[in-house]
Amino acid sequence: MPTHSIFKTAFAKVYPMYVQKATRKSRTKEEVDEITRWLTGYDQAGLERQIEQGNDFETFFAQAPAMHPNTSLIKGVVCGVRVEAVDDPLMQRIRYLDKLIDELAKGKAMEKILRQ
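Residues numbered from 1 in each chain as written. Predicted model: local features only at pLDDT ≥ 70, side-chain atom pairs only at ≥ 80, totals over all residues. Heavy atoms only, no water.

Q: Can you walk me through the overall build of the protein in this structure?
A: On a plain count of helices and strands, the protein comes out with six helices and two strands. Going residue by residue from the N terminus, the α and β elements of the protein occur as α-α-α-α-β-β-α-α. Radius of gyration (C-alpha) of the protein: 13 Å, near the 13 Å computed for a compact globule of 116 residues. Counting only C-alpha atoms, the protein reaches 40 × 30 × 25 Å along its principal axes. Within the span of the protein, comprising 116 residues, buried residues form 45% of the whole. Considering only residue pairs separated by 6 or more positions, the protein has 62% of its internal contacts joining residues 24 or more positions apart. Here the protein displays about 6,400 Å² of accessible surface, and carbon together with sulfur accounts for 52% of that area. Side chains of the protein give 18 positive and 16 negative charges; the mean places of these two sets differ by 6 Å. (Helix = DSSP H or I, 4+ residues; strand = E, 2+ residues; numbered from the N terminus. Rg over C-alpha atoms; globule rule 2.2 N^0.38 Å. Buried < 20%, exposed > 50% of the residue type's maximum accessible area, 1.4 Å probe, protein only. Contact = heavy atoms within 4.5 Å. Areas by Shrake-Rupley, 256 points an atom, 1.4 Å probe, with all protein chains shown as cover. Lys, Arg positive; Asp, Glu negative; His and termini not counted. Charge placed at Lys NZ, Arg CZ, Asp CG, Glu CD.)

Q: Help me out: how do you make sense of unusual backbone geometry in this one?
A: One non-glycine residue, Cys79, lies in the positive phi region at around 55°. Examined against the element boundaries, Cys79 turns out to sit in the loop between strand E1 (77-78) and strand E2 (81-82). The phi dihedral of Arg115 is positive, around 55°, even though this residue is not glycine. Mapped onto the elements of the fold, Arg115 is located in the segment after helix H6 (110-113).

Q: Can you walk me through helix H2 (residues 29-40) in this structure?
A: One turn of the α-helix equals 3.6 residues, which is why residues spaced by three or four share an orientation. For H2, built from twelve residues, the straight-helix expectation of 16 Å at 1.5 Å per residue is met to within 8% by its first-to-last C-alpha distance of 16 Å. Within H2, burial applies to Glu31, Val32, Asp33, Ile35, Thr36, Trp38, Leu39 and Thr40. For H2, the elements touching its buried residues are helix H1 (11-24), helix H3 (44-53), helix H4 (57-62), helix H5 (89-105) and H6. Directly after H2, the chain includes Gly41, whose backbone phi takes a positive value near 85°. (Expected span 1.5 Å × (residues − 1).)

Q: Teacher, can you tell me more about the packing of aromatic side chains here?
A: The relation between two aromatic rings is expressed through the spacing of the ring centres and the mutual angle of the planes. Within this structure, the stated rule accounts for seven aromatic pairs. Look at Phe11 and Tyr18: their rings are 6.5 Å apart centre to centre, the planes differ by 55°, and that puts the pair in the tilted class. For the pair Phe11 and Tyr18, a shared accessibility class is recorded, and that class is buried. Through pairs of rings, three or more aromatic residues link up here, namely Phe11, Tyr15, Tyr18, Tyr42, Phe57, Phe60 and Phe61. (Phe/Tyr/Trp six-rings, centres within 6.5 Å; stacked < 30°, edge-to-face > 60°.)

Right, here's the structure in full:
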């Protein structure tokens, strides 16, 4: 079964788009980082290292210290796809991150985005 091209896309290429999407809506890079760290378990230095190394999404998520236990609470639609119904675990993780960044850009409170 062929892998999706996003799996081999460098996280560092998409990350600035996440930041841009957030800042256009008066949110911050720090909030994008907080969401990414919450989801993946990276600390700030680890996140920055992933970006500097240019790792692809597959490697980025494979090396993530620990996905947050509340990821199952992330529900909704991204690009017409219901995130909780995605079968491929890697694609689902990518969609989770997309969904959280969408929520940030839509002005949702951080405690709700982080499922607290």
